[in-house]
Amino acid sequence: MRDLRVSLDGTPILAGVDLTVERGEWVTVIGPNGAGKSTLLRALGGLLPAPGAIRIFGTPSEALRRRDRARVVATVAQSPVVPAGMTVFDYVLLGRTPYVPPLGRESAADLAAVRDVLTRLDLDGFGRRELATLSGGERQRVFLARALAQGATLLLLDEPTSALDIGHQQEVLELVDQLRRAHGLTVLATMHDLSLAGEYADRMVLLAAGRVAAAGPPRDVLTEDLLARHYRASVRVLPGEHGPLVVPVRPR
Ligand SMILES: Nc1ncnc2c1ncn2[C@@H]1O[C@H](COP(=O)(O)OP(=O)(O)OP(=O)(O)O)[C@@H](O)[C@H]1O
């Protein structure tokens, strides 16, 4: 994206963001509440107009038709709408919509893709359950399952682990990383857990008040100075095996 500017109801939210994500790369956008992270993902997902600012694998975003975009870009929003009465299986099957011919039905391959992704996300046995009856964490895995079933090569993940327990956080991020390596997926995520973010991202972008305040490998972005300045947080940053570990410490 080049000079991405978004205003909502007359309020400037993104004030000229430049960001390139290479094919196969994992980039995580961090930043304090209200910095514009979700807005950035929504613009990339085609949900907000951004004429001329975004190219997806070389194609101007506005030139992609909805169905074509859905085969390339899959988004897991922060709080997706949960359709009343819909089962987990049918919800994940919605991810196959871009492959179903107009007025046609899902193929055996579509159904198999859904079963496969449910297994990978530890959701066997949940297929017939009504989505609305699942716990927050179970639901979050179903939202990710739908995006993975879509078979897109660019995954936009808006706080994909915020409702998950520590085990499922790791499981989901490991799965995304495995898929990335095996199928060359490109991942753009937002996360509030900074240590976890740094362990998985190749590069991080610190967004503050709609601008890029810092960008680079996790060790360059997760510094005590930058985090204190932009989050107004008191933290210690310790060296970790897979990236810096950010520990909040009570201010003196
Ligand atoms: N329709 C709107 N009109 C005016 N301001 C809006 C509108 N929608 C969102 N905003 C504001 O845009 C800013 C950025 O919101 P966004 O959801 O992108 O932030 P975020 O970085 O994802 O925050 P969080 O970490 O809290 O999820 C916020 O201050 C929000 O209140």
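What counts and how
- Residues numbered from 1 in each chain as written.
- Predicted model: local features only at pLDDT ≥ 70, side-chain atom pairs only at ≥ 80, totals over all residues.
- Heavy atoms only, no water.
- Helix = DSSP H or I, 4+ residues; strand = E, 2+ residues; numbered from the N terminus.
- Rg over C-alpha atoms; globule rule 2.2 N^0.38 Å.
- Buried < 20%, exposed > 50% of the residue type's maximum accessible area, 1.4 Å probe, protein only.
- Contact = heavy atoms within 4.5 Å.
- Near = heavy atom within 4 Å.
- Polar contact = N/O pair within 3.5 Å; in protein donor to acceptor, adjacent residues only side chain to side chain.
- Areas by Shrake-Rupley, 256 points an atom, 1.4 Å probe, with all protein chains shown as cover.
- Nonpolar A, V, L, I, M, F, W, Y, C, P; charged D, E, K, R; others polar.
- 1 Å grid on protein atoms, 1.4 Å probe; cavity = no way out; pocket = protein on both sides within 12 Å on 5 of 7 lines; lining within 4 Å.
- Points joined across faces, edges and corners; volume = space filled by probe spheres on them.
- Salt bridge = Lys/Arg side-chain N within 4 Å of Asp/Glu carboxyl O.
- Pairing = 2+ DSSP bridges.
- Axes fitted to C-alpha atoms, helices over the stretch in contact; angles between N-to-C directions.

- An unreviewed UniProt entry lists the chain under the name Iron complex transport system ATP-binding protein, with Micromonospora carbonacea given as the organism.

1. Let's talk about the overall build of the chain
- Summing up its helical and strand segments, the chain has nine helices and twelve strands in all.
- Here the C-alpha atoms of the chain give a radius of gyration of 18 Å, agreeing with the 18 Å that 2.2 N^0.38 yields for 252 residues.
- Each of the three principal axes of the chain carries a C-alpha extent, and together these read 60 × 40 × 35 Å.
- Out of the 252 residues in the chain, the part that is buried amounts to 46%.
- The long-range fraction of contacts in the chain, counting pairs at least 24 apart against all pairs at least 6 apart in sequence, stands at 62%.

2. So, the site of the ligand
- Around the ligand, the structure places 14 residues, and the nearest of them are G34, K37, S38, T39 and H192.
- K37 is positioned with one of its side-chain polar atoms (N or O) 2.7 Å from an oxygen atom of the ligand.
- Calculation on the ligand without its partners gives an accessible area of 640 Å², and the protein chains cover 62% of this total.
- For the shell around the ligand, the element with the highest residue contribution is helix α1 (residues 37–44), accounting for three residues.
- When grouped by side-chain class, the residues that make up the shell around the ligand number four nonpolar, seven polar and three charged.

3. Some thoughts on the layout of surface pockets
- Volume-wise, the largest pocket comes out at about 880 Å³.
- In this structure, the largest pocket is lined by 31 residues; those nearest its centre are L47, R66, A70, R146 and Q150.
- Class assignment of the residues belonging to the lining of the largest pocket gives a composition of 19 nonpolar, seven polar and five charged.
- Its volume calculated, the second largest pocket comes out at about 360 Å³.
- Forming the walls of the second largest pocket are 18 residues, and the residues nearest its centre are M1, L19, V21, R55 and I56.

4. Description of empty space enclosed by the protein
- As enumerated under the stated definition, the model contains one cavity of 30 Å³ or more in all.
- What the largest cavity holds in volume is close to 30 Å³.
- Forming the boundary of the largest cavity are V76, A77, Q78, Q140, F143, D158, E159 and P160.
- The residue inventory of the lining of the largest cavity, partitioned by class, reads four nonpolar, two polar and two charged.

5. With respect to the pattern of salt bridges
- Evaluated as defined, the whole model comprises ten salt bridges.
- Between R229 and D225 there is a salt bridge, with the nearest N and O atoms lying 2.8 Å from each other. Linking R229 with D225, this pair stays in helix α9 (residues 224–231), spanning four residues, or about one helical turn.
- When its relative accessible area of 48% is taken as the criterion, D225 is described as partly exposed.

6. Notes on the sheet that holds strand β9 (residues 203–208)
- With respect to topology, six strands assemble into an open sheet ordered β6-β7-β8-β3-β9-β10, the strand pairing being mixed. Across the chains shown, the open sheet's two edge strands, defined by having one partner strand only, are β6 (73–76) and β10 (211–216). Each strand axis lies, on average, 15 degrees off the axis of its neighbour in the sheet, ignoring direction.
- Judged from the five bridges that link them, β9 and β10 form a sheet pairing that is antiparallel. Paired with L207 across the strands is V212, a residue of β10.
- Against the sheet, helix α6 (residues 166–183) contacts β3 (26–30), β7 (154–158) and β8 (186–190), and its axis sits at roughly 140 degrees relative to β3.

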